[in-house]
Amino acid sequence: MGVQEENRDVPKENPQVSSDIAARQKAIDDWLPITSSRNAKWWYAAFHNVTAMVGAGVLSLPYAMSNLGWGPGTVILILSWTITLYTLWQMVEMHEMVPGKRFDRYHELGQHAFGEKLGLYIVVPQQLICEVGVDIVYMVTGGKSLQKVHDIVCKHCKPIKTTYFIMIFASVHFVLAHLPNFNSISGVSLAAAVMSLSYSTIAWAASVHKGRQPDVQYGYKASTTSGTVFDFFTALGDVAFAYAGHNVVLEIQATIPSTTEKPSKGPMWRGVVIAYIVVALCYFPVALIGYYMFGNNVEDNILISLEKPTWLIVAANMFVVVHVIGSYQLYAMPVFDMLETLLVKQLHFKPSTTLRFITRNLYVAFTMFIAICFPFFGGLLGFFGGFAFAPTTYFLPCIMWLAIYKPKRFSLSWLTNWICIILGIFLMILSPIGGLRSIILKAKDYKFFS
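Conventions and cut-offs
Residues numbered from 1 in each chain as written. Predicted model: local features only at pLDDT ≥ 70, side-chain atom pairs only at ≥ 80, totals over all residues. Heavy atoms only, no water. Helix = DSSP H or I, 4+ residues; strand = E, 2+ residues; numbered from the N terminus. Rg over C-alpha atoms; globule rule 2.2 N^0.38 Å. Buried < 20%, exposed > 50% of the residue type's maximum accessible area, 1.4 Å probe, protein only. Areas by Shrake-Rupley, 256 points an atom, 1.4 Å probe, with all protein chains shown as cover. Disulfide = S-S within 2.5 Å. Core = buried A, V, L, I, M, F, W, Y, C linked by side-chain atoms within 4.5 Å. Contact = heavy atoms within 4.5 Å. Phe/Tyr/Trp six-rings, centres within 6.5 Å; stacked < 30°, edge-to-face > 60°. Salt bridge = Lys/Arg side-chain N within 4 Å of Asp/Glu carboxyl O. Polar contact = N/O pair within 3.5 Å; in protein donor to acceptor, adjacent residues only side chain to side chain. Axes fitted to C-alpha atoms, helices over the stretch in contact; angles between N-to-C directions. Parallel < 35°, antiparallel > 145°, perpendicular 65-115°, else oblique. Left-handed = near helix turned anticlockwise from the far one by under 90°. Patch = residues over 30% accessible without salt bridge, like charges linked within 9 Å, V, L, I, M, F, W, Y side chains within 5 Å.

### Section: the overall build of the chain
A count of helices and strands for the chain gives 17 helices and zero strands. Its C-alpha atoms give the chain a radius of gyration of 24 Å, within 12% of the compact-globule value 22 Å for 450 residues. In terms of its C-alpha atoms, the chain occupies a principal-axis envelope of roughly 100 × 55 × 40 Å. The proportion of buried residues among the 450 residues of the chain is 53%. Carbon together with sulfur atoms contributes 68% to the accessible area of the chain, which is approximately 20,700 Å² in total.

### A closer look at the environment of V273
Among the secondary structure elements, V273 is positioned in helix α12 (residues 265-294). Owing to a relative accessible area of 32%, V273 belongs among the partly exposed residues under this scheme.

### As for the state of the cysteines
Applying the stated rule across the entire model yields one disulfide. Shown here is the disulfide that connects C154 with C157, its sulfur atoms set 1.4 Å apart. Not engaged in a disulfide, the cysteine C130 finds its nearest cysteine sulfur in C398; these two sulfurs lie 16 Å apart. Assessed through its relative accessible area of 0%, C398 is described here as buried.

### Digging into the nonpolar core
Ranked by internal contacts, the top residues of the largest apolar core, which has 119 residues, are M139, Y243 and Y283. Among the elements that make up this core, the one with the highest residue count is α12 (15 residues). Those residues in contact with Y243, other than ones at most four positions away along the chain, are M53, L77, S80, W81, T84, Y276, V279, Y283, T393 and Y394. Residues I28, W31, L32 and L355 belong to the second largest nonpolar core, which totals six residues.

### Describing the packing of aromatic side chains
On inspection of all chains with the given rule, the structure shows 14 aromatic pairs. With a centroid separation of 4.3 Å and an interplanar angle of 40°, the aromatic rings of W401 and Y405 are classed as tilted. Within this pair, W401 and its partner Y405 are both found in helix α16 (residues 377-405), separated by four residues, close to a single helical turn. Assessed through its relative accessible area of 10%, W401 is described here as buried.

### Regarding the pattern of salt bridges
For side chains of opposite charge, pairing can occur when their charged atoms come near one another. Counting across every chain of the model gives seven salt bridges. Two residues, R38 and D104, come together in a salt bridge whose shortest N-O distance is 2.8 Å. Residue R38 is found in the loop between α2 (15-31) and α3 (42-53), and its partner D104 is found in the loop between α5 (70-94) and α6 (106-114); the two are separated by 66 residues along the sequence. Here D337 and R105 are joined by a salt bridge, their closest N and O atoms 2.4 Å apart. Of the two residues, D337 sits in helix α14 (residues 310-346) while R105 sits in the loop between α5 and α6, which places them 232 residues apart along the sequence. In this structure, D337 and R105 share a single accessibility class: buried. Because the salt bridges share partners, they merge into one network encompassing R105, E108 and D337.

### With respect to the side chain of Q126
Locating Q126 in the fold gives a position in helix α7 (residues 116-153). Among the polar contacts listed, one links the side chain of Q126 to the backbone oxygen of I122, at a separation of 2.9 Å. Setting aside residues no more than four positions away along its own chain, Q126 makes contact with F387, A388, P391, T392 and L396.

### Quick notes on the packing of helix α4 (residues 61-68) against α12
The contact between α4 and α12 brings their axes to 8 Å, and the two run at 55°. The angle between the axes of α4 and α12 places the two elements in the oblique class. Where α4 crosses over α12, the handedness of that crossing is right-handed. Only Y283, V286, A287, L288, G290 and Y291 of α12 make contact with α4, whose side of the interface consists of L61, P62, M65 and S66.

### Here's the deal with the side chain of Q127
Looking at the secondary structure, you find Q127 in helix α7. On the basis of relative accessibility, which here comes to 0%, the residue Q127 falls in the buried class. Once you skip the residues sitting within four places of it in the chain, Q127 turns out to touch Y106, H107, N247, E251, M338 and T392.

### Regarding a nonpolar patch on the surface
A contiguous nonpolar surface patch, about 550 Å² in accessible area, is contributed by V75, L79, F410, L415, I419 and L423. Put simply, the parts of the chain that give the nonpolar patch at least two residues each are α5 and α17 (412-443). The element that contributes the greatest number of residues to the nonpolar patch is α17, accounting for three residues. Looking at the element boundaries, V75 is found in helix α5.

### So, the environment of G211
The residue G211 is located in the loop between α9 (186-210) and α10 (225-242) in this model. For the pair G211 and F294, spaced 83 residues apart in sequence, the C-alpha separation works out to 8.7 Å.

### Things to note about the environment of A46
With respect to the helices and strands, A46 occurs in helix α3. The class of A46 is buried, set by a relative accessible area of 8%. Measuring from C-alpha to C-alpha, the distance between A46 and M97 comes to 22 Å, with 51 residues separating the pair along the chain. Not counting residues up to four positions away in its chain, the partners in contact with A46 are G271, I274 and A275.

As structure tokens, this is what we get:
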């Protein structure tokens, strides 16, 4: 009797309460940008990855080559392409390594590898530096490309501040930021992917048309040894920045449907391979042909070195604008997801259009403000990006792979991952040094809101 009375006091789990919690959780997941739509095809993955990877940074690769030299430059380009394709394959494989579970976000994979709290502390700051940093750089890039178009088309017009062009570029994002999820921005992303291939082709084809310059030289430009070394480090940062698509790869894969018979890694990997072929078609011709034609006199943006024909340079700059509009949205979507998850799950705000409207407008306004204040943000990104881009792209996937799969010591998988980790750590240490010097040099004669 006593036992029966004791049992009566133990609270039984109410199936109704459990189903209500599950229903509420599903409603939130259906609202959040990353998990709301899972009907993407493999070609979505292809052009999303091209848009994420091939940034306007491709136009600075000939300049990076001039600071690296023929031998080291070619080796670093090929090595970066190979290593980042390998680490991308690892991430695609790890997306569904636990049966019945999907790691839809980079930090969820980090939590599985390193633990609930440590995973968040390791991954989230690095991912945010990359994604918010890239969005700020794209604000500057979009504004400056619009300014170039204005200056070329209207040579006798009164000069307009870069600030106003950044604000014009930002105005597009105050509208596009309200597209709810990855699949809804697929049209913008496709246009961006086509544009990246277009302006890359213009860059190398126009270089070939212009021909090799009569006074071309391939020696290092800096007159001092220290200057050459610092320029080399900065160029490493430029190459690292060119391969920055890993920060959104799990989020892209999350949009692809998955079953036990047909896991998402099949179509995702097909999309990645197509994307990496496009990346090679964009990067290698621009870097090698641009450097061959102009040598160490190449500008940090190959389009400036070309100058003519005017209509082609204007078109290329407009293509850059369209591309960075798509790229901005692609990198902003995981940030929106983080902010909305925090507000809805942790702070218990009600999922609503108003909440989304305020959050996303504030984010666009923030990136616009920083871009206006620091239009030399590329130098800042070389500095901060070295700490974040190199790990998230070059070696954090390798560390996760070793932590989760524990391959046998000195096996091929173990050795490959450790080589990638060592090279990535070198990149993480060296590239910020060049970025810091670049900031110091540019900050000397800098005026706010110029």
